[in-house]
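# Results of the structural survey
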Amino acid sequence: MVSLPHRSVLHGAVSAPCLCCPKGKDQFDNLEKHTQWGIDVLEKYIKFVKERTEIELSYAKQLRNLSKKYQPKKNSKEEEEYRYTSTRAFLATLNEMNDYAGQHEVISENMTSLITGELTRYVQELKQERKSHFHDGRKAQQHIETCWKQLEASKRRFERDCKEADRAQQYFEKMDADINVTKADVEKARQQAQLRHQMAEDSKAEYSSTLQKFNSEQHEHYYTHIPNIFQKIQEMEERRIVRIGESMKTFAEVDRQVIPIIGKCLDEITKAAESVDHKNDSQMVIEAFKSGFEPPGDIEFEDFTQPMKRTVSESSLSNSRGDGKSEPKFGGKSKGKLWPFIKKNKSPKQQKEPLSHRFNEFMTSKPKIHCFRSLKRGLSLKLGAGPEDFSNLPPEQRRKKLQQKVDELNRDIQKELDQRDALTKMKDVYIKNPQMGDAASVDHRLSELAQNIEKLRLEVQKFEGWLAEVEGRLPARNEQARRQSGMYEPQNPSAVNSCAQDRESPDGSYTEEQSQETEMKVPATDFDDEFDDEEPLPTIGTCKALYTFEGQNEGTISVAEGEMLYVIEEDKGDGWTRIRRNEDEEGYVPTSYVEVYLDKNAKGAMTYI
């Protein structure tokens with residue numbers, strides 16, 4: 001009998017499990033479970049980073065919405081409040097918070113691209129590699145198990161043949177010792193015993209060969225195939241561990257990269273906070289709300305012990321009366337302003353007088369028209385509609401409002417003048433080149449612009465008159481409004497202007513009195529439209545059409561993309577360039593549709609694209 005070698009081998013200092021036995025199978029399965037757990041850990045980390053990026057995006061969005069929520073609305077009262085240093089610092093804080101939110105968006109983007117995206121691709125590659133390694137391991141395991149089964153089959157066959165040979169030998173010896181058995185039967189038994197011995201020898205030889213082959217395969221399996229597979233799995237697992245460590249390092253580096261920029265944002269917020277100047281803000285409040293009123297004078301003593309010389313109590317803000325004579329309350333101009341915090345004192349007679357009697361006296365008095373005007377203005381102020389001349393405001397506030405209105409009207413006049421100059425230029429071109437368009441087509445628009453300019457100038461004169469009254473000077477024309485800018489001037493030579501005079505009413509409010517009408521003469525200048533026949537304009541450069549333009553309007557010309565043409569008049573600020581294709585074809589195209597190459601020697605030429 002041939003004994004089988006032990007199937008446990010040592011690989012270095014580590015005992016390699018026998019894959020053909022159940023215990024070896026379990027160890028191989030444990031490796032498979034461990035590597036799967038490593039992939040699960042990697043996927044869990046990917047999910048963690050992905051949720052972190054979502055939190056960063058959500059935080060950035062909330063910061064942006066918060067910054068936008070507290071931004072001042074355009075053309076609103078809030079925008080005016082941001083002229084103070086404290087509110088400007090708050091606005092700077094809002095802007096820096098917007099940049100701060102942008103850095104959190106950068107964190108999210110970098111983590112998504114450098115960690116989540118990279119690890120997701122790596123996990124797919126890792127799964128494929130793991131699948132390949134364990135497939136090779138199962139294949140090697142199946143191969144050694146097949147060799148083991150072949151060895152077991154050869155061994156059992158050798159054992160069976162040996163037993164059969166022993167029984168045939170014993171039968172032959174028994175037949176040979178029996179004298180009653182014929183010689184033929186003995187010979188037959190001998191031949192059968194020899195056959196069985198031969199079969200046993202053949203089985204022995206086959207078993208020996210199979211055993212040697214199995215030992216060789218087993219040695220190759222435990223010392224070559226399995227160690228290689230385990231080494232690849234180990235390297236795969238180590239790469240996974242290194243990769244997750246590098247990802248965690250990147251996780252920290254992404255945050256660290258934005259720290260300097262976040263620090264700058266915080267530095268800017270600190271700088272804005274340090275720029276807050278309480279003295280400057282206080283001065284701005286004083287300038288914005290100072291009234292221009294004089295402080296009240298001393299209150300006069302009223303002697304009620306002398307009935308015949310009893311004087312009527314007057315407001316402490318009224319000018320002193322000479323020789324005990326009182327001036328009419330509604331007649332003439334007021335000699336003083338009413339202090340806004342104190343009402344007039346009323347005499348006992350006025351206090352005890354019935355309301356109906358005082359109302360009748362009020363209705364029959366001469367200055368009732370002024371009282372009605374004051375009452376009407378008071379109602380209008382309560383309803384939220386202030387007077388046009390801002391006479392409800394203190395002098396300093398009224399001056400500022402009037403100055404703002406004058407500046408606004410002058411800007412509107414300038415816009416209208418610019419439009420008129422552009423249309424005048426186009427009309428000039430049409431007159432000189434009738435084929436480019438009808439000059440009469442712009443007359444209606446020019447007429448509208450002239451009327452608008454005239455109305456705006458009259459408004460300027462009106463507000464300048466009120467402004468002159470507030471500033472204590474005669475009405476004067478604004479130099480910018482008097483500027484002559486073209487062929488159209490105001491047609492109306494005069495305008496009626498009303499200026500409000502401040503009056504004191506019995507209840508301490510202001511009344512308005514119609515002032516004398518002042519005629520404002522507006523000088524008109526004549527503009528002679530002369531159009532002489534001139535030679536065609538010389539070329540000042542060339543241009544290349546960047547896009548195709550269909551010139552459907554009068555005065556324009558169609559061009560194709562890539563076409564080269566001549567420039568005869570550059571853009572004057574209206575967005576159009578005049579070009580020429582040949583002697584008979586010229587017109588305007590949008591400046592943005594062509595790339596212009598001006599001749600440097602041409603007069604007034606400038607190079608631009």
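This section reports on the structure supplied with the text. Just so you know, these numbers come straight off a predicted model, no measurement behind them.

### Some points on the overall build of the protein chain
- Tallying secondary structure elements over the protein chain gives 10 helices and 11 strands in all.
- When burial is assessed residue by residue, the protein chain has 33% of its 609 residues classed as buried.
- When contacts within the protein chain are restricted to residue pairs at least 6 apart in sequence, those whose partners lie at least 24 apart make up 71%.

### Points about a nonpolar patch on the surface
- Residues Leu-66, Tyr-70 and Phe-90 make up a contiguous nonpolar surface patch of roughly 280 Å² in combined accessible area.
- Exposure remark for Tyr-70: the relative accessible area of 40% places this residue in the partly exposed category.

### A closer look at the environment of Met-97
- Along the polypeptide, Met-97 turns up in helix H3 (residues 85-177).
- With 37 residues separating them in the primary sequence, Met-97 and Ala-60 have C-alpha atoms 9.4 Å apart.
- Here Met-97 is in contact with Leu-63 and Ile-269, once residues within four sequence places are set aside.

### Observations concerning the packing of aromatic side chains
- Tallied over the entire structure, the rule returns nine aromatic pairs.
- When the ring of Tyr-547 is compared with that of Tyr-593, the centres are 5.7 Å apart and the planes differ by 75°; the resulting orientation is edge-to-face. Taken as a pair, Tyr-547 in the loop between strand S7 (541-545) and strand S8 (564-569) and Tyr-593 in the loop between strand S10 (586-590) and strand S11 (594-598) lie far apart in primary sequence, 46 residues in all.
- Overall, the relative accessible area of 47% leaves Tyr-547 in the partly exposed class.
- Tyr-593 sits in the partly exposed class, given a relative accessible area of 28%.
- When the ring of Phe-549 is compared with that of Tyr-593, the centres are 5.6 Å apart and the planes differ by 70°; the resulting orientation is edge-to-face. Here Phe-549, found in the loop between S7 and S8, pairs with Tyr-593, found in the loop between S10 and S11; they are 44 residues apart in sequence, far enough to count as distant.
- One aromatic cluster is present, built from ring pairs that chain together Tyr-547, Phe-549, Trp-576 and Tyr-593.
- Its end group placed over the ring of Tyr-122, Arg-243 keeps NZ or CZ at 4.7 Å from the ring centre.

### Things to note about the pattern of salt bridges
- In total, this model carries 27 salt bridges according to the counting rule given.
- A salt bridge links Glu-129 to Arg-239; its shortest N-O distance comes to 2.4 Å. You can see Glu-129 sitting in helix H3 and its partner Arg-239 sitting in helix H4 (residues 183-274), a full 110 residues away along the chain.
- Taking relative accessible area as the criterion, Glu-129 reaches 23% and is therefore assigned partly exposed.

### Considerations on H3
- Between its first and last C-alpha, H3 extends 135 Å over 93 residues, near the 138 Å set by a 1.5 Å rise per residue.
- Approximately 35° is the largest bend angle found in H3, and it occurs at Thr-112.

### Regarding the side chain of Asp-281
- By the secondary structure assignment, Asp-281 is in helix H5 (residues 278-289).
- Among buried charged residues, Asp-281 stands out as having no salt bridge; its nearest opposite-charge side chain is Arg-88, 6.0 Å away.

### Re the nonpolar core
- Leu-42, Tyr-45, Met-111 and Ile-115 are the most contacted members of the largest nonpolar core, which totals 28 residues.
- Every element with two or more residues in this core is listed here: helix H1 (22-69), H3 and H4.
- If we ignore the near neighbours within four places in the chain, the residues touching Ile-115 are Tyr-45, Val-49, Asn-110, Ser-247, Thr-250 and Phe-251.
- Of all hydrophobic cores here, the second largest spans 13 residues; its members include Ile-540, Cys-543, Ala-545 and Ile-579.

### With respect to the packing of H3 against H4
- Relative to each other, H3 and H4 sit at 170°, their axes nearing to 6 Å. Overall, the two elements H3 and H4 adopt an arrangement that is roughly antiparallel.
- Taken together, the residues of the contact of H3 with H4 break down into 46 nonpolar, 19 polar and 23 charged.

### Let's talk about the sheet that holds S10
- Taken together, five strands build an open sheet; the order of strands is S10-S9-S8-S7-S11 and the sheet is antiparallel. Looking at which strands have only one partner, the edges of the open sheet turn out to be S10 and S11. Recorded for the sheet is a direction-independent mean angle of 40° between the axes of neighbouring strands.

Criteria and cut-off values
Residues numbered from 1 in each chain as written. Predicted model: local features only at pLDDT ≥ 70, side-chain atom pairs only at ≥ 80, totals over all residues. Heavy atoms only, no water. Helix = DSSP H or I, 4+ residues; strand = E, 2+ residues; numbered from the N terminus. Buried < 20%, exposed > 50% of the residue type's maximum accessible area, 1.4 Å probe, protein only. Contact = heavy atoms within 4.5 Å. Patch = residues over 30% accessible without salt bridge, like charges linked within 9 Å, V, L, I, M, F, W, Y side chains within 5 Å. Areas by Shrake-Rupley, 256 points an atom, 1.4 Å probe, with all protein chains shown as cover. Salt bridge = Lys/Arg side-chain N within 4 Å of Asp/Glu carboxyl O. Phe/Tyr/Trp six-rings, centres within 6.5 Å; stacked < 30°, edge-to-face > 60°. Lys NZ or Arg CZ within 6 Å of the ring centre and 35° of its normal. Expected span 1.5 Å × (residues − 1). Bend = angle between axes of the 7 residues up to and from the residue. Lys, Arg positive; Asp, Glu negative; His and termini not counted. Core = buried A, V, L, I, M, F, W, Y, C linked by side-chain atoms within 4.5 Å. Axes fitted to C-alpha atoms, helices over the stretch in contact; angles between N-to-C directions. Parallel < 35°, antiparallel > 145°, perpendicular 65-115°, else oblique. Nonpolar A, V, L, I, M, F, W, Y, C, P; charged D, E, K, R; others polar. Pairing = 2+ DSSP bridges.

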